[in-house]
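Spelled out from the first residue to the last, the chains are:
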Amino acid sequence: MNTPSMSDGASVVLWHWHGGEPGALARARAALENALSGLGYDGEAVSDAVLAVSELVANAVEHAVGPYELTLRRTATDVICEVVDNDPEIPSFAVDALLTPVREGRGSGLEALCTLLSERGRGLYIVHELTRGAWGYRRSGVTKAAWIALTLPVDGEGQSGD
């Protein structure tokens, strides 16, 4: 795979798949790892991003309708990786639990999310930890995207759009 050109800020599709496609998660992980390496990311930054995005891909496949896309987009300070699906509804538990303070002085909404989803849903906690809180959802028409943000590599390699 060639390094994606992202100099204009447009999204680059790394992988497009439909529900039930065998090996889709593995292919999405491989495409992301390859693209991030080509953009100058390495080591823990790549492995953390791939694991976080794996959780978002698994959630999309389990809870939303396809087709799905894995995209990258560069901003002035970050590379945004998005998992796009065709269900515009942002999970209410994610919004409510992460943004609503926990009463009784117990801390942030992330703790409420973890309590709420103690049997399942640990994936979003993993995403939160791996991205240091740089993740979320956005809606666009009939689609939504779960995203993570990666700070641009320090050395700037791979950032010219070549």
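Values in this document were obtained by computation on a predicted structure and should not be read as measured data.

Novice: Help me understand the nonpolar core in this model?
Specialist: Soluble, globular proteins show a tendency: their nonpolar side chains are buried together. Counting residues in each nonpolar core, the largest one holds 34 residues, and the members touching the most others are Leu32, Leu70, Leu72 and Ile148. The set of elements that each furnish at least two residues to this core consists of strand E1 (12–17), helix H1 (24–38), helix H2 (43–63), strand E2 (68–74), strand E3 (78–85), helix H5 (122–131), strand E4 (135–140) and strand E5 (143–151). Here this core takes 8 residues from H2, the largest share from any one element. Residue contacts for Leu70: discarding those within four places in its chain leaves Val12, Val13, Leu14, Trp15, Trp17, Ala28, Leu32, Val53, Cys81, Glu82 and Val83.

Novice: Which parts of the structure should I look at to understand the packing of H1 against H2?
Specialist: Packed helices, taken two at a time, are described by the angle between their axes plus the distance between the axes. Contact pair H1 / H2: the axes reach a minimum separation of 10 Å and the direction vectors enclose 145 degrees. Where H1 crosses over H2, the two elements pack in a sense that is right-handed. Mapping the contact onto sequence places Leu25, Ala28, Arg29, Leu32, Glu33, Leu36 and Ser37 in H1 and Val46, Ala49, Val50, Val53, Ser54 and Val57 in H2. Among the residues forming the contact of H1 with H2, the class breakdown is 9 nonpolar, 2 polar and 2 charged.

Novice: Can you help me understand the pairing of E2 in this one?
Specialist: Every other side chain in a regular strand lies on the same face of the sheet, so the side chains alternate between the two faces. Of the pairings in the sheet, the one linking E1 to E2 comprises 5 bridges and is antiparallel in character. From the neighbouring strand, Val13 faces E2, where its bridge partner is Thr71. The turn linking E2 back onto E3 is made up of 3 residues.

Novice: Teacher, can you tell me more about the sheet that holds E5 here?
Specialist: Working definition: the strands of a sheet are paired by backbone hydrogen bonds and lie parallel or antiparallel to each other. Strand order in the open sheet made by the 5 strands is E1-E2-E3-E5-E4, with antiparallel pairing throughout. Each edge of the sheet is formed by a strand with only one pairing partner; in this case those strands are E1 and E4. Across this sheet, the average inter-strand angle for adjacent strands is 20 degrees, counted without regard to direction. Strand direction decides the pairing type here: E3 and E5, joined by 8 bridges, are antiparallel. By the bridge assignment, Glu82 is partnered in E5 with Trp147. Packed onto the sheet, H1 meets E1, E2, E3 and E5 and runs at close to 170 degrees relative to E1. In this fold H5 packs onto E4 and E5, with an angle of close to 110 degrees to the strand it touches most, E4.

Novice: What is the right way to read the side chain of Thr131 from this model?
Specialist: Positionally, Thr131 belongs in helix H5. Judged by relative accessible area, Thr131 falls into the buried class, the value being 11%. In contact with Thr131, not counting residues within four places along its chain, are Ala52 and Ile148.

Novice: Help me understand H1, please; the structure alone is not making it clear to me.
Specialist: Because each turn of an α-helix spans 3.6 residues, side chains separated by three or four positions end up pointing in the same direction. Over its 15 residues, H1 extends 21 Å from the first C-alpha to the last, a length consistent with the 21 Å expected when each residue adds 1.5 Å. For H1, the complete set of buried residues consists of Ala24, Ala28, Ala31, Leu32, Ala35 and Leu36. Burial along H1 is one-sided: seen end-on, the buried residues are contained in an arc of 125 degrees. Packed against the buried residues of H1 are E1, H2, E2, E3 and E5. Directly after H1, the chain includes Gly40, whose backbone phi takes a positive value near 100 degrees.

What counts as what
- Residues numbered from 1 in each chain as written.
- Predicted model: local features only at pLDDT ≥ 70, side-chain atom pairs only at ≥ 80, totals over all residues.
- Heavy atoms only, no water.
- Core = buried A, V, L, I, M, F, W, Y, C linked by side-chain atoms within 4.5 Å.
- Buried < 20%, exposed > 50% of the residue type's maximum accessible area, 1.4 Å probe, protein only.
- Helix = DSSP H or I, 4+ residues; strand = E, 2+ residues; numbered from the N terminus.
- Contact = heavy atoms within 4.5 Å.
- Axes fitted to C-alpha atoms, helices over the stretch in contact; angles between N-to-C directions.
- Left-handed = near helix turned anticlockwise from the far one by under 90°.
- Nonpolar A, V, L, I, M, F, W, Y, C, P; charged D, E, K, R; others polar.
- Pairing = 2+ DSSP bridges.
- Expected span 1.5 Å × (residues − 1).
- Arc of directions from axis to C-beta.

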